[in-house]
Amino acid sequence: MNLTVVLNEPQDLVNIAAAVRAMANMGLARLAVVNPREFDAWRITGIAHRTDHIVDAVARVDSLDEALADATFVVGTSARARTAQRNYSRPRELAPRILRHARKGGVAIVFGREDRGLSNDALDRCHEVMVIPTTPEYSSLNLGQAVLLVAYELFLAGAGETGSLPVGKRSLGPATADELEEMYAALEAGLERIDFFKARKAESVMRTLRTAFGRTTLDAHEARLLASIGYQVRNRLERITRKGDSPS
């Protein structure tokens, strides 16, 4: 992706490492660091493990102008809107546009120093300013947090939004209609065996269960487990009855 994260005059090496870790988590790899107070690649990778591919390629420059020289679209970040009129946007709104620009040319997302953010002069260099919503009481985000939030929105706006969520090792895929009907029959038999329908209509109870389970997509393993509960209740009580014992 033709997108560069720019840290403008970061003051704390730990925050640089946190930003690098956030980039790695969300698939970003290009980082420019403008006039950092300290920079030690060995220490950064010691904090943000397995990020050598980012840290080794960091562009260390002396000025913001140098970091933005090849960018065709520049986005600044701020904890709040400033007095000056600018093009302000929220991360989720702006992320798709950032990706579209990155397909055409270089994009830079600029984060300011920890103690005072981006200056007005720096924001003047930005085509848009991204404002991350926070509570009024705690409006200042840690640098690493800010990078993570922006990178996450970019990830969602791209391939991450359509990517599959993790699937449990025991998942067998959605239950079929036959497997669901077997489950309902087993549950009904088990409930009937413990006299659950003595004061309730079986049809009404089973319809409610169907409605409840219908709000989710049971997989085959889950359907079989629920069916097994019904079978076990029925079989257990039948064994007790054959022995002439009381269910209690």
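### A look at the environment of I109
Tracing the sequence through the fold places I109 in strand β6 (residues 106–111). Judged by its relative accessible area of 1%, I109 falls in the buried class. Distance in space between the C-alpha atoms of I109 and L172 is 43 Å, their sequence separation being 63 residues. Other than its neighbours up to four places away in sequence, I109 contacts L3, T4, V5, V6, V75, T77, I98, V150 and L154.

### Some points on the packing of helix α1 (residues 13–25) against helix α7 (residues 143–157)
Where α1 contacts α7, the two axes come as close as 8 Å, and the packing angle between them is 15°. What the angle tells us is that α1 and α7 run roughly parallel. The handedness of the crossing between α1 and α7 comes out as right-handed. Packed against α1, whose contacting residues are N15, A18, A19, A22 and M23, the element α7 presents L143, G144, V147, L148 and A151 at the interface. In the contact of α1 with α7, the residues fall into eight nonpolar, two polar and no charged.

### Section: the packing of aromatic side chains
One pass over the structure, following the stated rule, counts two aromatic pairs. Ring centres of Y184 and F213 lie 6.3 Å apart, and the angle between their planes is 50°; on these two criteria the pair is classed as tilted. In this pair, Y184 sits in helix α8 (residues 177–193) while F213 sits in helix α9 (residues 202–214), placing the two residues 29 residues apart along the sequence. Overall, Y184 belongs to the buried group, its relative accessible area being 6%. When its relative accessible area of 21% is taken as the criterion, F213 is described as partly exposed. Arranged with centres 6.1 Å apart and planes meeting at 80°, the rings of F196 and F197 form a pair that is edge-to-face.

### Examining the pattern of salt bridges
All chains considered together, the criterion is met by 13 salt bridges. Salt-bridge contacts for D115 lead to R116; the nearest nitrogen and oxygen are separated by 3.9 Å. Each member of the pair, D115 as well as R116, is classed as exposed. A salt bridge links E203 to R207, with the shortest nitrogen-to-oxygen separation between them at 2.9 Å. Here R207 and E203 lie together in helix α9, a separation of four residues that amounts to about one turn. For E203, a relative accessible area of 57% corresponds to the exposed category. Residue classification places R207 among the partly exposed positions, given a relative accessible area of 49%.

Cut-offs applied
Think of each chain on its own: its residues are numbered from 1, step by step along the sequence as written. Totals for whole chains, interfaces and linings use every residue, but because this is a predicted model, local features are given only for residues with pLDDT of at least 70 and side-chain atom pairs only at 80 or more, for both listing and counting. Excluding hydrogens and water, the side-chain values take into account all heavy atoms of the structure. Only DSSP runs of H or I reaching four residues or more are called helices, and only runs of E reaching two or more are called strands; each is numbered from the N terminus. With a 1.4 Å probe rolled over the protein chains alone, any residue whose accessible area is under 20% of its type maximum counts as buried; one over 50% counts as exposed, and the rest are partly exposed. Two residues qualify as a contact provided that any one of their heavy atoms is within 4.5 Å of a heavy atom in the partner residue. Only the contacting stretch of a helix is used when fitting its axis, a line to C-alpha atoms as for every element, and angles between N-to-C directions run 0 to 180 degrees. When describing relative orientation, an angle under 35 degrees is termed roughly parallel and one over 145 degrees roughly antiparallel, while 65 to 115 degrees is termed roughly perpendicular and anything else oblique. Put simply, a crossing is left-handed when the front helix is turned counterclockwise from the back one by less than a right angle, and right-handed when it is turned clockwise. By the convention adopted, Pro, Cys, Tyr, Trp, Phe, Met, Ile, Leu, Val and Ala count as nonpolar, Lys, Arg, Asp and Glu as charged, and the other residues, Gly among them, as polar. Working definition: rings of Phe, Tyr and Trp (its six-membered ring) pair if their centres are within 6.5 Å, and the pair is stacked with planes under 30 degrees apart, edge-to-face with planes over 60 apart, and tilted otherwise. Salt-bridge detection follows one rule: a side-chain nitrogen of Lys or Arg within 4 Å of a carboxyl oxygen of Asp or Glu.

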